[in-house]
Amino acid sequence: MDKFVKLNPADQRALAYMQNKNYVTELKATEQSFELKKESLNLEHSSSYGASFGMLNNIYFVSTYKGNKTDNWTGEPYLNIYQTSFANNAFTEPKPIPELNSKYHDGPLTINKEENIIFFTRDGHLQGNTLKSKKTNTKIGKLGIYRAEKKEGKWTNITPLPFNSSKYSVANPSLSQDGKTLYFASDMPGGMGDTDIWKVTIHSDGTYGKPINLGAHINSLGKENFPFINKDNVLYFASNGHLGLGGYDIFKADLTTNEKAKNLGAPINSKSDDFSFALNHAQNLALFSSNREGNDKIYLASPICKTENNIIVKHATTKQPLSKAKISLLDKNGKNTQSLYTKNDGTISFTTSCKAIPKIKVQLTNYQEQLVSLTAEKQTLVLLEPTPKDE
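Residues numbered from 1 in each chain as written. Predicted model: local features only at pLDDT ≥ 70, side-chain atom pairs only at ≥ 80, totals over all residues. Heavy atoms only, no water.

1. Some details on the nonpolar core
Here is the rule we go by: Within this scheme, the nonpolar core is defined by two criteria: the residues are buried Ala, Val, Leu, Ile, Met, Phe, Trp, Tyr or Cys, and they are joined through side-chain atoms within 4.5 Å. We call a residue buried when its accessible area falls under 20% of the maximum for its residue type, exposed when it is over 50%, and partly exposed in between, using a 1.4 Å probe and counting protein chains only. By definition in these notes, contact holds between two residues if any of their heavy atoms fall within 4.5 Å.
Counting residues in hydrophobic clusters, the biggest one holds 28 residues, and the most contacted among them are Phe-34 and Phe-277. Setting aside its immediate chain neighbours within four residues, Phe-277 contacts Phe-34, Phe-228, Tyr-236, Ile-250, Leu-264, Ala-286, Leu-287 and Phe-288. Counting residues in each nonpolar core, the second largest holds 18 residues, with Ile-81, Ile-97, Leu-109 and Phe-275 among its members.

In C-alpha cells:
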C-alpha cells in the first residue's frame, strides 16, 4: 500500500490509508459478526459464485460447472444459472435452469419473494451489446440485466431492461423486499469509480425510473459490485476501493441512515477476493463467494447473535447517576472477562452473545459492591448503597 500511496498521493484510498496505517490490524481485531460453517458449495473443476436465496430453501447461483463452450476472454466455460437447496447441513445436486441459460454468460440473479419474477445478468453478445477490443481483436460483451416471469413452472417473457447499453455494463442485480427498487452495479456515465452501485425504481405499471448513483458513502474511486439489499434496508456489497484486507472485501451500510460503509472483517473477508454476499434471516444463514482457496467458491456463514446491554448506575437514595463505577463482566465461573466504567451520566453499553446472559459485578469506591444478573430488559438499573460508616 505504501507503494500505491507514492504513485497516487491524491487518491481517495491513499488519503484514507495515510489517516490510518494500522487499519489492517484494526480490521483483524474487529469483533466477529459471522462464523464460517464447514459446508461449502464447491463444484469440481469449476468456479461458482453469486448465490441468492429463494423460497423453500431454494438457492440460485452461477457456475462454469459442466459448461460446454469456452469464453475466449476468460479461457473458462461460460457461466450458467443453477438451482440447489440447503437442508440438513448439505446442498442438493445442482440443476441448471435451461430456459434462462444461453450459449453465453448468464447470471447472477435476484428473485422476488413470490419467486415468480427474476432479474438476472446476461452477456451482451446475445443482443449485440458488444465492443471490439483493439488489443485482442475480440468482441467484448457488455453485461445487461434482464427480467423473466415464471408461468406454469417455466421461466418466460425474458426482456432486457431499458437502460442496458452497448457502451457500458449493468449487472448483478438485487431486488428490495417490496419489489419496488432494484440495486445493481454499473460503469455507466455519472459514476465515481470503475464500477459503482446504483438503484432504480420499479413503478407499479412495470416501467422504470432513472438510475440513481448511491453516492460517496457507498461508492469510491475503485470498484463496487455485487450489491445485496436485506429486509431492513441494509446494503451489503463488495469493494476494492474502501480500505480492506485485500482484493474485494464485503461491506455493509444502513441506507436509512446514510452511515459510512463498514467492513465485515474476518472471517468473511480475507486477503483474497470476497464478494457476492447474501443473507437469509429466516434460516439464519449467509452465503458469500471467495477465491481464497483458488477458484471462486461459495461459502456458508451464520450471523453471531449479539444482544445490547444498557446499564445505568445510581445512588440508591438520591437516585443521582454515578460515574466511573467499575462494571466487570463475569463468565459462568465468575471470572472477570472485561472491565468497563460508567460515563458521567451513569450509563454504559456493551454487547454480549445471545447464548449467554452474563452476570456483572458493580463496584465504586465508598459504595457497597453488587452482583447483578443481566436480563432481556432494554435497560438494567443498578442502585448502589453507600458503604456504612464505622460507628
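Back to the write-up after that little detour.
2. A look at the environment of Val-234
Convention followed: Counting from the N terminus, the helices are DSSP H or I runs at least four residues long and the strands are E runs at least two residues long.
Mapped onto the secondary structure, Val-234 falls in strand 18 (residues 234-239). Using a relative accessible area of 14% as the deciding quantity, one classes Val-234 as buried. Residues Val-234 and Leu-255, 21 residues apart in the sequence, show an inter-C-alpha distance of 5.8 Å. Contacts of Val-234, omitting those with residues within four sequence positions, involve Phe-228, Ile-229, Lys-252, Ala-253 and Asp-254.

3. Here's the deal with the pattern of salt bridges
Quick note on the threshold: Salt bridges are defined as contacts in which a side-chain nitrogen from Lys or Arg sits within 4 Å of a carboxyl oxygen from Asp or Glu.
Tallied over the entire structure, the rule returns 6 salt bridges. With a shortest N-O distance of 3.6 Å, Glu-149 and Lys-151 are connected by a salt bridge. Under the relative-accessibility criterion, Lys-151 is labelled partly exposed at 45%.

4. Considering the layout of surface pockets
Where empty space is left can be seen by rolling a probe of water-molecule size over the atoms. Let me state the cut-off plainly: Throughout, the protein atoms alone are placed on a 1 Å grid, and a set of points is a cavity if a 1.4 Å probe fits but cannot get out or a pocket if it is open with protein on both sides within 12 Å along at least five of seven lines; lining residues have an atom within 4 Å of a point. Grid points are joined across faces, edges and corners, and a volume is the space filled by probe spheres set on the points. The residue classification treats Ala, Val, Leu, Ile, Met, Phe, Trp, Tyr, Cys and Pro as nonpolar and Asp, Glu, Lys and Arg as charged. All others, Gly included, are polar.
Estimates place the volume of the second largest pocket at around 980 Å³. Around the second largest pocket sit 45 residues that line it, and Phe-53, Ile-111, Asn-112, Leu-175 and Gln-177 are the ones nearest its centre. Among the elements that make up the lining of the second largest pocket, the one with the highest residue count is strand 21 (residues 274-280) (5 residues). Residue composition of the lining of the second largest pocket, grouped by class: 21 nonpolar, 18 polar and 6 charged.

Keep in mind these values describe shape, not function.
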